[in-house]
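# Geometric and topological summary
Listed below, chain by chain, are the residues.
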Amino acid sequence: MNPFSTDARTAKGRELFKDKPKKKVASKSSDIPDAIQLGEHGRYQIKSGRLSGEYVARAFPKAPSNARGLIAEAKGATEEAAVAALHDIIDAREVRRSADRRVDPVTGLSIPSSEEYAEALGQVTLSGPQRAMLTALAWADDGGLTDTRLASAGGYKSRASANRAFGAAGMLIANYLTVDVPSETPPGDAGGAGILGYRGKPKNDEDPGNWVLHAEVRETVRLTF
């Protein structure tokens, strides 16, 4: 055979590669879901799909959120069954939480648990001044803070501005946790403030009373902020 012919070059090429091992094609791991479907239920994002041979649905904090992590999980014979089971778990969780809320003797409001406040504070977006006021109140003594000291903690020039911001923070949490807020509030107080705390005993007719955080909020802020 002519060493320079086409057949010779082809045969030589086969000789060069015949002893080289064939590349293995990586097989798809069974732990990787085929396709993730996204949905929502209430205030949670739902992710569902087939994982390790099972249909799984999981609930996570909905974006935008400061919180991360799994809220609840369910499995089913089909993806639709897994999602439906997860919805039932979330709904039952909400009913249980609402039933476990205490009624504040001062404001008459249903006060969420520390667990609920922790979730809400991880979800809602509070401004720097709002967080500063909550932190100052959380570490204040049992007597709370005057309006002037609260405004100073948040960097506000007026007590009215501080109270509005404080009430707005409470309203964000109330809306997230679906807590009813009374339409009428004491003069000078914003509607959502009662979800965060209450007024202490006034010293005189001119004094509205110090702001005091609910014990559940105080505990949560100390652990969260």
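Attention in this report is confined to the structure presented alongside it. Being a predicted model, the structure only gives us computed values, none of them experimental.

## With respect to the packing of helix α4 (residues 128–138) against helix α6 (residues 159–177)
It is at 9 Å that the axes of α4 and α6 come closest, and there the two elements cross at 90°. Taken together, the axes of α4 and α6 lie roughly perpendicular to each other. Note on element contacts: α6 touches α4 through Ala-162, Ala-165, Phe-166, Ala-168 and Ala-169, opposite Gln-130, Met-133, Leu-134 and Leu-137. Among the residues making up the contact of α4 with α6, the classes are represented as eight nonpolar, one polar and no charged.

## Looking at the nonpolar core
Counting residues in each nonpolar core, the largest one holds 41 residues, and the members touching the most others are Leu-86, Phe-166, Ile-173, Leu-196 and Leu-213. By residue number, the principal contributor to this core is α6, which donates eight residues. Not counting residues within four places of it along the chain, the set of residues in contact with Leu-196 comprises Leu-134, Phe-166, Ala-169, Gly-170, Ile-173, Val-212, Leu-213, His-214 and Val-217.

## What about the pattern of salt bridges?
Per the stated rule, a full pass over the model turns up 15 salt bridges. In this structure, Arg-43 and Glu-119 form a salt bridge, with 3.5 Å as the shortest nitrogen-oxygen distance. Of this pair, Arg-43 sits in the loop between β1 (37–41) and β2 (44–51) while Glu-119 sits in helix α3 (residues 114–123), and the two are 76 residues apart along the sequence. An identical accessibility class is assigned to Arg-43 and Glu-119; each is buried. Classification of Glu-119 as buried rests on a relative accessible area of 11%. In the salt-bridge network here, residues are joined through shared partners; they are Arg-43, Arg-93, Glu-94, Arg-97, Glu-115 and Glu-119.

Criteria and thresholds
- Residues numbered from 1 in each chain as written.
- Predicted model: local features only at pLDDT ≥ 70, side-chain atom pairs only at ≥ 80, totals over all residues.
- Heavy atoms only, no water.
- Axes fitted to C-alpha atoms, helices over the stretch in contact; angles between N-to-C directions.
- Helix = DSSP H or I, 4+ residues; strand = E, 2+ residues; numbered from the N terminus.
- Parallel < 35°, antiparallel > 145°, perpendicular 65-115°, else oblique.
- Contact = heavy atoms within 4.5 Å.
- Nonpolar A, V, L, I, M, F, W, Y, C, P; charged D, E, K, R; others polar.
- Core = buried A, V, L, I, M, F, W, Y, C linked by side-chain atoms within 4.5 Å.
- Buried < 20%, exposed > 50% of the residue type's maximum accessible area, 1.4 Å probe, protein only.
- Salt bridge = Lys/Arg side-chain N within 4 Å of Asp/Glu carboxyl O.

Purely geometric numbers; function is a separate question.
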